Amino acid sequence: MRLLQYNNDGDFSLTEFFESDIPEYAILSHRWGAEEVTFKDIIDGTSKSKAGYSKIQFCGEQAKRSGLQYFWVDTCCIDKSNSVELQESINSMFRWYRHAIKCYVYLIDVSRPRSNSTGGANEPWELTFRRSEWFTRGWTLQELIAPASVDFFSKEGVLLGNKSSLERHICEITGIPANALRGTPLSNFSITERMSWTTSRETYRQEDKAYSLLGIFDISMPLIYSEGKDKALQRLREEIYKASKGIQRKDFSVVFSLSNVSDIEHFVGRETELQEIHKALNSDGSRRTVVLHGLGGIGKTQLSVAYAKRHKDSYSAIFWLNIKDENSLKQSFVKVARQILREHPSALQLNNMDTNESLDKVIDVVKAWLSQPNNTRWLIIFDNYDNPKLPRNSDPTAINIRNFFPESYQGSIIITTRSLQVRIGHSIQIRKLGNVYDSLDILSNFSRREGLRSNPDALILASELDGLPLALATAGAYLDQVAVSLSDYLRLYKRSWVQLQESSPELDSYEDRTLYSTWQISFDHVKQQNDLSAKLLCFWAYFDSQDLWLELLQHSDSSDPAWVRELTKDEVSFYQAVRVLSSHGLVEVDTASQGLIESRGYSIHGCVHSWIIHVLNQAWNHEFARLAIKLIGSHVPEEQTFQPWLTQRRLLRHAMRCSFMVLNSLVADNDISWECHKLGILYANQGKLIEAEQMYQRAIQGYEKAWGPEHTLTLNIVNNLGNLCVEQGRLAEAEQMYQRALQGYEKAWGPEHISSLDTVNNLGGLYISQGKLVEAEQMYQWALQGKERAWGPEHTSTLDTVNNLGLLYADQGKLVEAEQMYQRALQGKEKALGPEHTSTLDTVNNLGLLYANQGKLAEAEQMHQRALQGKEKAWGPEHTLTLNIVNNLGNLCVEQGRLAEAEQMYQRALQGYEKAWGPEHISSLDTVNNLGGLYISQGKLVEAEQMYQWALQGKERAWGPEHTSTLDTVNNLGLLYADQGKLVEAEQMYQRALQGKEKALGPEHTSTLDTVNNLGLLYANQGKLAEAEQMHQRALQGKEKAWGPEHMSTLDTVNNLGNLYTDQGKLAEAEQMYQRALQGKEKAWGPEHMSTLNTVNNLGLLYADQGRLVEAEQMYQRALQGYEKAWGPEHMSSLDTVNNLGLLYTDQGKLVEAEQMYQRALQGYEKAWGPEHKSTLDTVNNLGLLYTDQGKLVKAEQTYQRALQGYEKALGPEHTSTLDTVNNLGLLYTDQGKLVKAEQMYQRALQGYEKALGPEHTSNLDTINNLGLLYADQGKLVEAEQMYQRALQGKEKVLGPEHTSSLDTVNNLGLLYTNQGKLVKAEQMYQRAIQGYEKALGPEHTSTLDTVNNLGLLYTDQGKLVEAEQMYQRALRGYKKALGPEHKSTLNIVNDLGNLYADQGRLVEAEQMYQWALQGKEKALGPEHTSTLDTVNNLGLLYTDQGKLVKAEQMYQRALQGYEKALGPEHTSTLDTVNNLGNLYTDQGKLVEAEQMYQRALQGKEKAWGLEHNSTLDSR
C-alpha cells in the first residue's frame, strides 16, 4: 500500500508499505474530476499543474490537523497502468477504507463559506448536501460504510459534520439503516437489503457497478473490464452465492409490479414518513406491520406506492390488496395468485385447478405460500381499510383484516385506513403537508405549469388548500385543462365550490375518489355510529375550522335544538361525538389549544370545512348561524375573568366567521345586537379596530331599531365607539360619540349618574389626547366632584378619577400635584381594596413613571418592582397587564443605561404580547418600537431600522397610515435616519409625520410640536440654521401656549435653541437660553435631575467655546458628579461628560489629564456598547486628535484608522461621522508632510459632505478651508486663495460675516496674503478677524489672541518690530491668563518673542525666551514633540547668529534626529533643519558636508513641494 506524506519542502512524496508495516493514515473520498493527479504525475513532479492537486493538499492538511503523517488518495496512490496492482487494489479497497483512522469526504458540489453571506442569496448547505452527486456514485458506498470516522467538507474546505452528526440526513438520502453506518457487521443485513443500497448509484465504467460492491459482500474476484455490467453482476451474484456457505435457499422472488395500482409520476415530500415506515418494517424476517391512518385524500395510498417503489429491491415480492370491501379484497388475492404462478408455476396447489373455482381457496393457498419457511422478505399492502370490523361497528359489510393475514409470523404489512381505531403494529398518522413548497410542487406537477414556487398567487392557493394532496392534485388537474389563472381558480373555489368540484377532472392516481365525494364515505359511517357526531359535523360549518371546544358550545338554552343540549350536557357526550369523528380521520386534536384554561379543542382540515359548508349545508341553515353567533358572543369573557386574553385569542377565528356571516346577510339581523356588541368588545380588546367598529355599528343599528337612539343600551355602545375612535386617532369623531352618550345619559339618568360621570371622565382622557389640558382638567374635576358626592371620596371609582388627575398633572409638568393625586389614590385603594389589588398596583405603577420623570430612578424601580410582583401574583407572569409593567421596567433600564436588562424586559414583554394578542397587536408593535429605540442606543442601527419598519408596517395595517401611533413610528424612523446620516430620508419622515399630525391633531398639538422640534434639529445638522431657528421658535411658542413657559418640554426646546445659537455663533443668546432652561429645570426637577444636568453639561460646552475654561470645567464637574450619583460612574451620560472633560483638558494643554479622561470614557463605552459603537468610535477619534496634539503621529494614525474602519462598518463610508474622521486623517497627513494623501482625504471628505449635506453646509466649507491650508503648505497659493474665498463666501452666506467660523477663514486668508507678500491685505484680514473675535468672543478669548499673535508675525515681516512686540506681549498675557504659563499656545508665543528678539539683535533675551519655551514644551509635550523640536531648531539658528557653532550643531542634530523619528526623513520640517545644517557647515567651512546637506534638502523639497515652490527655490 502506497501512502503520501508531506516533505520538508512542502511537496508530497510516496512511500510503499507492506501489510504488517502500514502506519496510521487518513484517506480521501471524492468524486473524480477532469484533471486528477495520477501516480505518474507524482513520480514525474508534474502534479502541481493539475486542478486535482488542491484536493491532495486539502487531504494532507486535514491529516496534519488530525495528527497523522500519512494519507491515501485513490487517484495517485495506485499505479493504474499496472493491471495486477489495480486488481489487487480494488479487491483491497474496502479493507483500506475500514482501517483508515480518518476518512475525509470532499464535496465539490456543496458550498458553505467560512462566514455567512449577508446577501441572502446562498442556498442553505443542507439542501445542496442532500443533492450532492457523491451520494449517487457506486464507489462512495463502501467509502461511507467502511471507515469508522467519516468527516464531510464543503468545497471551501469547511467542516459540515461527520457520519454521526449527519446520520439522519445520510439515512434519508441513501436509505441505508443507521446500524449499518454505526459499524454493525454487514452480514447482519440480508443480501437483498444490501443490494437495495445501490439502486440509485451509478459508476463511470459499467463493470464497476459490480466491482464497487466486493467489500460490501466481503468477496474477491478477478476484474474483466471488457465483460459488461450484466456479466460482472452475474459473476458477483455467483460469488455471493458461493460465500453463503453452500446453504440452499428456495427462491420466492416475484417481479415487482404496480399494474393494478394508481400511481403518480412525481411523488412529493413525506421523507420523514418514508423513513419511519422503513425503520418500522426493518426486521430479521419476523412480522412487522405499519398502519398509515389519516384523512381521506391525505395521500396514504400514494405514500405506500412511493415506499414500495423506493424499497422494491429490499423485498422478494410486493403484493397490493384493495380492502375497501370484501369482494375487492378477494379479487386482489386472485391477482396475487396469478403473479405467483407466473413466476413459480408449481408453487401453489392451484396449478391443476382453475383459479376461478373458489375465491376462499385462492386466499388460503396464497396465505400458505406466504407462510412457507424462509419466505420472509415479502411485503403486502392492504389499501383502503376504511370499514374495519370493530366492536361498535354493526355494519355487516365491515371486514376483519386479521382473517387475511398469513398464519406464519413473518413478512411485512402496510395498512392504509381512515380509521384511528385500527391498532395493529406501528401506527403512523399521516397529516397534511407541512412544507408549502411540497404543495406547490404537487400543483406544478398536475397543472404542468412551471415557476409556481415564485408565484404569489400559487402560494395563496396552496395555503388555502392547506397541504391536502387530493385538493392540490384536483386543482392542478383543473388548471391543466382549463385556461384560468390561479387567482381565478381560488375565486371559484371560494364562491362556487360545488360546481367547481363537480366539473373537475377525475384523477387516475386517486381511483374513483374526488374532493367532492371522498369524505361522503366517512360521513355515512359516522351517521351509522352516532347521529350527534353527524349533526356536530354539519354544525361546524358555522364556526371556524380550527379549535372548537366544549365550553364554547355550553351556552344553549331551552329554545335551542334538543340535540345541541344533548351534545353538550356533559363531557362524556361531547367527547363521544368527537371521538367518532376523530376515528374516521375527520377531526384532530388542536395542538395550539394546549395549556389553555378551558378544555382542549378540535380542528378539521380547511378543505373538509369547505366540503361541510358547500355539501352538507347546501341549504344554508339560518337558525344554525344564529345559534353559532349566540354561542360565540356568550363566551366573550368579562374583564375580571381570569386571563381573559387566552379565551379572547381562541374566540377570534370564530368571531371572524361570525362577522362574515353577519356582513354577508347569512344570519337574520333580528335580535343579534347584543351578540354584535360582544363581538365588538372582543375585537377592540384584540386590537382589531376595523372589525370592532363594524360590529359596534351593527349593534347600534339593532338597538336603535329596538330601543331607540336614546336608550342607555344604545348609549353604552356609542360610548364604546368613542373609545374605539380614540384608539384609532379619530379624535373629533370620538368627541361626537362621547358628547352624544353624555347628553343621553344626562337626559336618562341625570348629570351625576355614574354612567354620565364615566363619560365625562372619558372626555377628560380625550382632551388630553387632543392637547386640551385645561378642558381635560375641567372634565376630571367635574367627574371627581360628582363621584365624591355620589360615592364618597374613598370610593374606588372616585379614586380612579383622582388617579387620572395625577396622569394629567404629570403631562402638564405639575409633578408635585401629580404625586399628591397618586398618593391620595394609592392610600385610598390600599384601604378599600388592599395593597395587592390590581387597581392599587396600577397607581403604584403610575408613581413609578412619575418618579422616573423626576429622575428618582431608584424610587421608580421600587414602584415598578412592587407593581410587577403584585400583578404576577394576581394575573400571572404572562398577563398583558403584567407585561405592561415589564415594558415600563424596560424603559427604566434604558434610562439607567442598563441596556442588556432593558432588552430582556422588552423581549419578555414582546413574547408575552405576541402570545396573548398576536404579533400585529398595538401592544406588540409598541414594544417592537421600543426595541428599535434600544437598538439605536446600542448602536445597532440596522436592527433598529428593522424594528421600526416592522412596527410601522404593523401599525399601518392595524391603524392606517395617518394614525398618530403610526406617525410616532414614522417620526422615530426620522430620528434613526438622522443618526445614520441619511438626512434626506430623515426629512421625508419628519415631513410625513408633521403633515399627518397637523391633520389629525392640529398644528399646535404638543405631538405636532415635537416633530417640529425634530425638524429644527435636522435643519441644524444640515446647516440650514435659519430654517432650524424657525422650527425651534414655532415649537417654543406652541409649547409655551400649551404647557406654559416652565414645562419640561418647553425648557427642552429652550435648550435646543441654546444649541442652535451656539452653532450660529450667537454665544450670548445661547447662554441666555441655557440659563433659562437651567433655572426652569432646577425649579421643576431639582438641581440633580438628569435633564438639569444635561443643560449644565451644555453650559460647559458653551463656556469652552467662549474660552471660559475654568467655568467650563466647573460645569462639567457638576454634571459629572450628578450623573455619577444618579446613574453611576459607568452610565453613558457620565462617560459623555468624561469625554467632554477630555476635550476641555486638551484645550487647556493638560494632555495627560485629557488622555486619562478619554481612556476612562473609551473603556466605559467599550464595556457598555462594545468596541464598534458610535460613541466608542467618537472617543477613539478624540484620542486621535489628542495624539496629534502630543506629536504621537503614528498612534494618531492608528487611532483614526480604527475609528474610520468602525464608522464605515457601523454607519457606512458616506456617513458624516465617517467623513469627519477622513477629514481628521487629512489634517494628520498634512502634519506628517504626506500631502498627496492629505489631499485625497480632503477630497473624499469634500465629495461625501457635498453629497450628504449639500455644497453650502458648514462641514463642507470647513473641509474646503482645510484644502486651502493644504494648498498653502504645498505652495499652491492661487488654489489656496480660491479655496479660502469659496469657504468664506459660503460661511458668510450661511453663518453671517461675524460668525467665528467665518472669521477663522478670514484669519487664514491673512496668513495666505502674508505668504504671498500682500502684507497690506493680510493686515486688513487680521484686523477684521480681531474685531470680529473681540465682538463675538471677547478680547481675551484664545481665538482672538491667535489672530493677535498672527498680527505680531505680520508686523515682524513688515519690520514693525515695536508693534510686533506689543502684539506678542498682549497675546502672551492673554494666554497666560486663559491657559496658564505652561500651555502650548503660551509657549508658542514665547517662542515667537524669541524670534522677534533675535531679529532685533536682542540675543540674550531671545535665548531666554527660547529656553523658557523649550523647558515648557519638554515638560508639557515631551522632548521629542515636533513643537519642542521647532524651538530646538530656533535655538540652533540663535546659536549660529551668536557664533556658538558647536552648540548650534548640537541643536540642529537634536532637532534633525527628532524630526526624522517623528515625521520621517523626507518631511519638510526635517528638510528645513537639514538646510540649516548646510548653512552651518558653510559657516564652518565644511563645504563638502554643506553640499551634502543642501542636495538632500533640495531633492526632498522637490519631491514634496515641486520644483517651483518657494521653499524649494530657497534651497537652490
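This text gives an overview of the structure that appears in the document. Each chain carries its own residue numbering, running from 1 in the written order of its sequence. Predicted model: local features are reported for residues with pLDDT of at least 70 only, side-chain atom pairs are reported and counted for 80 or more only, and whole-chain, interface and lining totals are derived from all residues. As a convention, hydrogens and water are excluded, and side-chain values are obtained from all of the structure's heavy atoms.

1. Some points on the pairing of strand E6 (residues 150-153)
Move 1: Relative accessible area decides the class of each residue, using a 1.4 Å probe on protein chains only: under 20% of the type maximum gives buried, over 50% gives exposed, and in between gives partly exposed. We count a stretch as a helix when DSSP gives it H or I for four or more residues in a row; a strand needs E for two or more, and each element gets its number in order from the N terminus. Every second residue of E6 is oriented toward a common face, with Val 150 and Phe 152 on one face and Asp 151 and Phe 153 on the other, all of them buried.
Move 2: Where strand E5 (residues 102-106) meets E6, four bridges bridge the pair, whose relative direction is parallel. Of the residues in E6, the one forming a bridge with Tyr 106 is Phe 153. The rule for pairing is simple: two strands pair if DSSP sees at least two bridges between them.

2. Focus on the sheet that holds strand E8 (residues 288-293)
Move 1: Read from one edge of the open sheet, five strands run E9-E10-E11-E8-E12, paired in parallel fashion. At either end of the open sheet lies a strand with only one pairing partner, and these are strand E9 (317-322) and strand E12 (426-429). For this sheet the average axis-to-axis angle between neighbouring strands, irrespective of direction, equals 15 degrees.
Move 2: As defined by bridge partners, E9 adjoins strand E10 (residues 378-383) across six bridges and the pair is classed as parallel. By the bridge assignment, Leu 321 is partnered in E10 with Phe 382.
Move 3: Should any heavy atoms of two residues lie within 4.5 Å, those residues are counted as being in contact. Geometry is summarised by axes, namely lines fitted to C-alpha atoms with helices restricted to the contacting stretch, and by angles between N-to-C directions that run from 0 to 180 degrees. Taken strand by strand, helix H11 (residues 271-281) contacts E8, E10, strand E11 (412-417) and E12, and its axis lies near 155 degrees from that of E8.

3. A word on the side chain of Arg 201
Move 1: Inspection of the secondary structure assignment puts Arg 201 in the loop between helix H8 (191-196) and helix H9 (208-211).
Move 2: Only 3.4 Å separates the side chain of Arg 201 from the backbone oxygen of Phe 135, close enough to count as a polar contact.
Move 3: Pairs of N or O atoms are called polar contacts if they sit within 3.5 Å, as long as, within protein, a hydrogen donor faces a hydrogen acceptor (for residues adjacent in sequence, only side-chain-to-side-chain pairs). Side chain to side chain, Arg 201 and Thr 140 meet in a polar contact 2.9 Å long.
Move 4: Setting aside its immediate chain neighbours within four residues, Arg 201 contacts Trp 134, Phe 135, Thr 136, Arg 137, Gly 138, Thr 140, Leu 141, Leu 144, Thr 174 and Lys 209.

4. Some words on helix H62 (residues 1384-1399)
Move 1: Helix span is expected to be 1.5 Å times the residue number reduced by one. For H62, built from 16 residues, the straight-helix expectation of 22 Å at 1.5 Å per residue is met to within 8% by its first-to-last C-alpha distance of 23 Å.
Move 2: Buried residues of H62: Thr 1386, Leu 1387, Ile 1389, Val 1390, Asn 1391, Asp 1392, Leu 1393, Gly 1394, Leu 1396, Tyr 1397 and Ala 1398, and no others.
Move 3: In this structure, the buried side of H62 is in contact with helix H60 (1342-1358), helix H61 (1361-1378), helix H63 (1403-1420) and helix H64 (1426-1442).
Move 4: Looking one or two residues past H62, Gly 1401 carries a phi angle of roughly 80 degrees, positive in sign.

5. Describing H61
Move 1: Look at H61: 25 Å from first C-alpha to last across 18 residues, which is about the 26 Å you get at 1.5 Å a residue.
Move 2: Taken as a whole, H61 has its buried residues at Ala 1364, Glu 1365, Met 1367, Tyr 1368, Ala 1371, Leu 1372, Gly 1374 and Tyr 1375.
Move 3: Tucked inside the fold, the buried residues of H61 contact H60, H62 and H63.
Move 4: Within two residues after H61, Gly 1380 carries a phi angle of roughly 100 degrees, on the positive side.

6. Some points on the packing of aromatic side chains
Move 1: Pairing of aromatic side chains here covers Phe, Tyr and the six-membered ring of Trp, requires ring centres within 6.5 Å, and sorts the geometry by plane angle: under 30 degrees stacked, over 60 edge-to-face, intermediate tilted. Following the criterion strictly, the structure yields 31 aromatic pairs and no others.
Move 2: With a centroid separation of 4.7 Å and an interplanar angle of 35 degrees, the aromatic rings of Tyr 6 and Phe 12 are classed as tilted.
Move 3: Judged by centre distance (5.3 Å) and plane angle (85 degrees), the rings of Tyr 211 and Tyr 225 are edge-to-face. Of this pair, Tyr 211 sits in helix H9 while Tyr 225 is found in the loop between H9 and helix H10 (229-243), placing the two residues 14 residues apart along the sequence.
Move 4: Assessed through its relative accessible area of 1%, Tyr 211 is described here as buried.
Move 5: Among the aromatic side chains, those forming a connected cluster through ring pairs are Phe 539, Tyr 542, Phe 543, Trp 563, Trp 620 and Phe 624.

7. A word on the side chain of Asn 971
Move 1: For Asn 971, the location among the structural elements is in helix H42 (residues 964-979).
Move 2: Judged by its relative accessible area of 9%, Asn 971 falls in the buried class.

8. Considerations on the pairing of strand E7 (residues 159-162)
Move 1: Direction of pairing for E6 relative to E7: antiparallel, over a ladder of three bridges. By the bridge assignment, Phe 153 is partnered in E7 with Leu 159.
Move 2: Counting the residues in the hairpin turn of E6 and E7 gives five residues, including Gly 157, whose phi is positive at 85 degrees.

9. Topic: the pattern of salt bridges
Move 1: Salt-bridge detection follows one rule: a side-chain nitrogen of Lys or Arg within 4 Å of a carboxyl oxygen of Asp or Glu. Taken as a whole and assessed by the stated rule, the structure comprises 89 salt bridges.
Move 2: With a closest N to O distance of 2.7 Å, Arg 1076 and Glu 1040 form a salt bridge. Taken together, the residues Arg 1076 in helix H47 (residues 1067-1084) and Glu 1040 in helix H45 (residues 1025-1042) connect sequence positions 36 residues apart.
Move 3: Judged by relative accessible area, which is 29%, Glu 1040 ranks as partly exposed.
Move 4: A salt bridge links Lys 1167 to Glu 1130, with the nearest nitrogen and oxygen atoms 3.2 Å apart.

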